[in-house]
Amino acid sequence: MIDGMKGDFGVRYLCDKLGVSESGYHARQSRPLSDRALRRWELIARVLGAFVQSGHADGYRKITATLQADGFPVNAKTVLTVMRDLGIMPPSARADYRKAAARARRSPDPADLLERRFDALIEPGTVMVGDITYVATSEGWLYLATVIDLATRMVIGWASGKRQTAELVVAALKRAQATGHVKPGAIFHSDHGTQYRSKRFARYCARTGIRRSMGKNFECWDNAVAESFFSKLKNERLRWLRLTTRRHATREIADYITHFNTRRRHQTLGYATPAETMARLTNQPAATAA
């Protein structure tokens, strides 16, 4: 079999994939093989041959169909095993296999504990929503992570940086908790961004008693409140500015969050500000949380 395929793959490659030494291959050329070994070698030769004839493009299902059409009975699982052992999966199949393997290793995403109940009567500090956006500057992208109290629409935590990492969303949540507005067992709702699915963020939430919640994949409305804040930030402030540095952008973001919390009136709050709503619902003096 190696003799028939060495023109396409080379003796060294074939011996390595078949688990034999080159010296062993040359020595066994003069020895008879068992029926089982002959069957295995014939299967490997046919799989390799079909793969070469396909231009290295066919996956295990098509190669199985080719072998069966040629009168060689074999099942798809056997062909898949042979192709994996030989390392001859086509490019698209290799990518799909890696993605599937990564999904299998990943912990299940949290359930949706909110289910779009954005206007329900919620006590301050019990439900938060968050997301990440990016802001263009002359230095490059600046990434912004926010934490918004759902009952008051107040931005109670945020963090910015030049990379969108798990540490960025953890920093925003830490800042929110430092305000004293987050109650034990509070829900944090987000989309399925990799930062929110990360082990780092999951460990932090578990350690601090935060219950994670996620909407459906590819459903922007499941996190509409967080998206709405970014829209207001960009349309009402950032789009009119030429942001020369990330520090410049961060100053403008901080100033807008103060404005958003203390001076901007919201229709969903009965035209009160988030700070006024927080004060009314918690019987505390109005104050900023930026």
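Just so it is clear, the structure is predicted and the values come from calculations on it, not from any experiment.

This brings us to the overall build of the protein chain. Helix and strand counts for the protein chain stand at 13 helices and five strands. Evaluated residue by residue, the protein chain yields a buried proportion of 42% over its 290 residues. Within the protein chain, contacts between residues separated by at least 24 positions form 62% of all contacts whose residues are at least 6 apart in sequence. On the protein chain, roughly 16,100 Å² of surface is accessible, and the fraction owed to carbon and sulfur atoms is 51%.

Turning to the sheet that holds strand S2 (residues 140–149), a few remarks are in order. Taking strand neighbours across the sheet as the criterion, the five strands line up as S3-S2-S1-S4-S5 in an open arrangement whose pairing is mixed. Both outer strands of the open sheet, strand S3 (155–161) and strand S5 (211–214), are each paired with one neighbouring strand and no more. Across the sheet, the mean angle from the axis of one strand to that of its neighbour is 25°, orientation sign disregarded. The strands that helix H11 (residues 224–236) touches are strand S1 (127–137), S2 and S3; relative to S1, the one it contacts most, it runs at about 35°.

In this section: H11. Helix length check: H11 (13 residues) gives 18 Å between terminal C-alpha atoms against 18 Å at 1.5 Å per residue, within 8%. If you check which residues of H11 are buried, you get Ala224, Val225, Ala226, Phe229, Phe230 and Leu233. Those residues of H11 hidden inside the fold are in contact with S1, S2, S3 and helix H12 (246–262).

In this model, arginine 153 sits at a positive phi of 60°, which is unusual for a non-glycine residue. The exposure class assigned to arginine 153 is buried, which follows from its relative accessible area of 12%.

On inspection of all chains with the given rule, the structure shows eight salt bridges. The salt bridge involving arginine 246 is made with glutamate 139; its shortest N-O contact spans 3.9 Å. Taken together, the residues span a long stretch of sequence, with arginine 246 in helix H12 and glutamate 139 in the loop between S1 and S2 at a distance of 107 residues. By relative accessible area, which is 21% here, arginine 246 ends up partly exposed. Residue classification places glutamate 139 among the partly exposed residues on the basis of a relative accessible area of 46%. Measuring nitrogen to oxygen at the nearest pair gives 2.9 Å for the salt bridge that ties aspartate 255 to arginine 237. Of the two residues, aspartate 255 sits in helix H12 while arginine 237 sits in the loop between H11 and H12, which places them 18 residues apart along the sequence. Put simply, Arg237, Glu252 and Asp255 are held in one network by salt bridges that share partners.

On to a positive patch on the surface. There is a patch of like positive charges on the surface, built from Lys174, Lys199, Arg203 and Arg207. Considering every element that reaches the positive patch, the biggest residue donor is helix H10 (residues 199–208), with three residues. With respect to the helices and strands, the residue arginine 203 is situated in helix H10.

On inspection of all chains with the given rule, the structure shows eight aromatic pairs. Ring geometry for tyrosine 196 against phenylalanine 201: centres 5.5 Å apart, planes inclined by 85°, an arrangement best described as edge-to-face. With respect to class, tyrosine 196 is no different from phenylalanine 201; both count as buried. With centroids separated by 6.1 Å and ring planes inclined at 40°, the aromatic side chains of tyrosine 256 and phenylalanine 260 adopt a geometry described as tilted. One end of the pair, tyrosine 256, and the other, phenylalanine 260, are both in helix H12, four residues apart, so they sit about a helical turn from each other. Phenylalanine 260 shares its class with tyrosine 256; the two are buried. An aromatic cluster is built from Phe229, Phe230, Tyr256 and Phe260, whose rings are joined through pairwise contacts.

As a further point, take the packing of helix H5 (residues 60–69) against helix H6 (residues 76–86). Packing of H5 against H6 brings their axes to within 9 Å, and their N-to-C directions diverge by 120°. By the criterion of interaxial angle, the relationship of H5 to H6 is oblique. With respect to the hand of their crossing, H5 and H6 are arranged in right-handed fashion. Taking contact as the criterion, the partners of Tyr60, Ile63, Thr64 and Leu67 in H5 are, on H6, Ala76, Val79, Leu80 and Met83. In terms of residue class, the contact of H5 with H6 is made up of seven nonpolar, one polar and no charged.

Here is what the cut-offs are and how they apply
- Residues numbered from 1 in each chain as written.
- Predicted model: local features only at pLDDT ≥ 70, side-chain atom pairs only at ≥ 80, totals over all residues.
- Heavy atoms only, no water.
- Helix = DSSP H or I, 4+ residues; strand = E, 2+ residues; numbered from the N terminus.
- Buried < 20%, exposed > 50% of the residue type's maximum accessible area, 1.4 Å probe, protein only.
- Contact = heavy atoms within 4.5 Å.
- Areas by Shrake-Rupley, 256 points an atom, 1.4 Å probe, with all protein chains shown as cover.
- Pairing = 2+ DSSP bridges.
- Axes fitted to C-alpha atoms, helices over the stretch in contact; angles between N-to-C directions.
- Expected span 1.5 Å × (residues − 1).
- Salt bridge = Lys/Arg side-chain N within 4 Å of Asp/Glu carboxyl O.
- Patch = residues over 30% accessible without salt bridge, like charges linked within 9 Å, V, L, I, M, F, W, Y side chains within 5 Å.
- Lys, Arg positive; Asp, Glu negative; His and termini not counted.
- Charge placed at Lys NZ, Arg CZ, Asp CG, Glu CD.
- Phe/Tyr/Trp six-rings, centres within 6.5 Å; stacked < 30°, edge-to-face > 60°.
- Parallel < 35°, antiparallel > 145°, perpendicular 65-115°, else oblique.
- Left-handed = near helix turned anticlockwise from the far one by under 90°.
- Nonpolar A, V, L, I, M, F, W, Y, C, P; charged D, E, K, R; others polar.

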